[in-house]
Amino acid sequence: LEKKLPEMEQTINILVINNKLNHPALELLKLFFLEYRKELVSHFELEDDLLFPYACFLDKSRKGRHYLPMILKNMQKFSIKQFVQAHENSNQELSKVREAILSYKPSPTDASPYRILLEQLKHFEQDLNFHAMIEDEVLVPKLSKIEMELKSSKLN
């Protein structure tokens, strides 16, 4: 958020400023990027404000099951299922934008920032895919399992 997104935004701004023909696609790219950034920041804030504290809560709850009524009440406020339902796949949007940019034929003065932007997007997309994989294949299944254990301990 503090390194790669500002670098990509700077590259897009260079392309917009250098573009003498005022190509509308570059302005659209800039607007898309600003909206994308806002959504991504919101996603990470959701993780920081809800998901990670909830994960810590679940971990502590496994160790103190005598607080089960309070645990189950908190699980009604937020659950992994709710997180997964609200979880958007930002990676697909980024991939579509990168594909659309590939069809753009830059002027000779834009060729270098254009290549830089494509590389930045490619690396950022890889980072997001790794982030999503850890969430989807490690964190969410582990937290879902803990939730199920806690719910089933209520029944026992």
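Residues numbered from 1 in each chain as written. Predicted model: local features only at pLDDT ≥ 70, side-chain atom pairs only at ≥ 80, totals over all residues. Heavy atoms only, no water.

J.: Would you mind showing me how to read the overall build of the protein chain here?
T.: A tally of helices and strands in the protein chain yields 6 helices and 0 strands. In sequence order, the secondary structure elements of the protein chain are arranged as α-α-α-α-α-α. Across the protein chain, every contact between residues at least 6 apart in sequence was considered, and the portion connecting residues at least 24 apart equals 79%. Accessible surface computed for the protein chain: about 10,100 Å², of which carbon and sulfur atoms make up 59%. (Helix = DSSP H or I, 4+ residues; strand = E, 2+ residues; numbered from the N terminus. Contact = heavy atoms within 4.5 Å. Areas by Shrake-Rupley, 256 points an atom, 1.4 Å probe, with all protein chains shown as cover.)

J.: Sorry if this is basic, but what is going on with the environment of F32 here?
T.: Mapped onto the elements, F32 comes out in helix α2 (residues 24–63). Here F32 falls in the partly exposed class, since its relative accessible area comes to 24%. For F32, the contacting residues outside a window of four places in its chain are E93 and V97. (Buried < 20%, exposed > 50% of the residue type's maximum accessible area, 1.4 Å probe, protein only.)

J.: I would appreciate a short explanation of the nonpolar core in the present structure.
T.: A general tendency of soluble globular proteins is for nonpolar side chains to be buried together. Judged by nonpolar contacts, the single largest core of 21 residues is most densely connected at M8, L29, L40, I101, L117, F124 and L128. For this core, the secondary-structure elements that each account for two or more residues are α1 (4–18), α2, α5 (90–102) and α6 (111–155). Apart from residues no more than four positions distant in its own chain, I101 is found in contact with L29, Y114, L117, L118 and L121. In this structure, L51, M75, F78 and F83 belong to the second largest nonpolar core, which totals 13 residues. (Core = buried A, V, L, I, M, F, W, Y, C linked by side-chain atoms within 4.5 Å.)

J.: Would you take a moment to explain the pattern of salt bridges for this structure?
T.: Oppositely charged side chains are able to pair whenever their charged atoms sit close together. Counted by the stated rule, this structure contains 6 salt bridges. Measuring nitrogen to oxygen at the nearest pair gives 2.6 Å for the salt bridge that ties E9 to R37. Placement of E9 in helix α1 and of R37 in helix α2 is noted, with a sequence separation of 28 residues between them. In this structure R37 comes out as partly exposed when scored by relative accessible area, which is 22%. (Salt bridge = Lys/Arg side-chain N within 4 Å of Asp/Glu carboxyl O.)

J.: When you look at α2 in this model, what are you seeing that I'm missing?
T.: Given a rise of 1.5 Å per residue, 40 residues ought to cover 58 Å, and the 57 Å separating the end C-alpha atoms of α2 matches this to within 8%. Most pronounced at E47, the bend in α2 amounts to some 35°. (Expected span 1.5 Å × (residues − 1). Bend = angle between axes of the 7 residues up to and from the residue.)

J.: Help me out: how do you make sense of the confidence of the model for the protein chain in this one?
T.: The predicted coordinates should not be examined in detail at positions where pLDDT is low. Mean pLDDT over the protein chain stands at 83; residues scoring 70 or higher make up 88%. Here helix α3 (residues 68–77) stands out as the element of the protein chain with the lowest mean pLDDT, 70, in contrast to α1, whose mean of 91 is the highest. (pLDDT = per-residue confidence, 0-100.)

J.: Is there a simple way to explain a nonpolar patch on the surface in this structure?
T.: Together, F130, M133, I134 and V138 make up a nonpolar patch on the protein surface, roughly 370 Å² of accessible area in all. With relative accessibility at 38%, the residue M133 sits in the partly exposed group. (Patch = residues over 30% accessible without salt bridge, like charges linked within 9 Å, V, L, I, M, F, W, Y side chains within 5 Å.)

J.: Is there a simple way to explain the packing of α1 against α2 in this structure?
T.: A pair of packed helices can be characterised by two numbers: the angle between their axes and the separation between those axes. Orientation of α1 relative to α2, taken along the N-to-C sense of each, is 165°, at an axis distance of 9 Å. By the angle between their directions, the pair α1 and α2 is classed as roughly antiparallel. Pair α1 / α2 crosses with left-handed handedness. Residues L5, P6, M8, E9, I12, N13, L15 and V16 of α1 lie in contact with α2, whose contacting residues are L26, E27, L29, K30, F33, L34, R37 and L40. Looking at the contact of α1 with α2, its residues break down into 11 nonpolar, 1 polar and 4 charged. (Axes fitted to C-alpha atoms, helices over the stretch in contact; angles between N-to-C directions. Parallel < 35°, antiparallel > 145°, perpendicular 65-115°, else oblique. Left-handed = near helix turned anticlockwise from the far one by under 90°. Nonpolar A, V, L, I, M, F, W, Y, C, P; charged D, E, K, R; others polar.)

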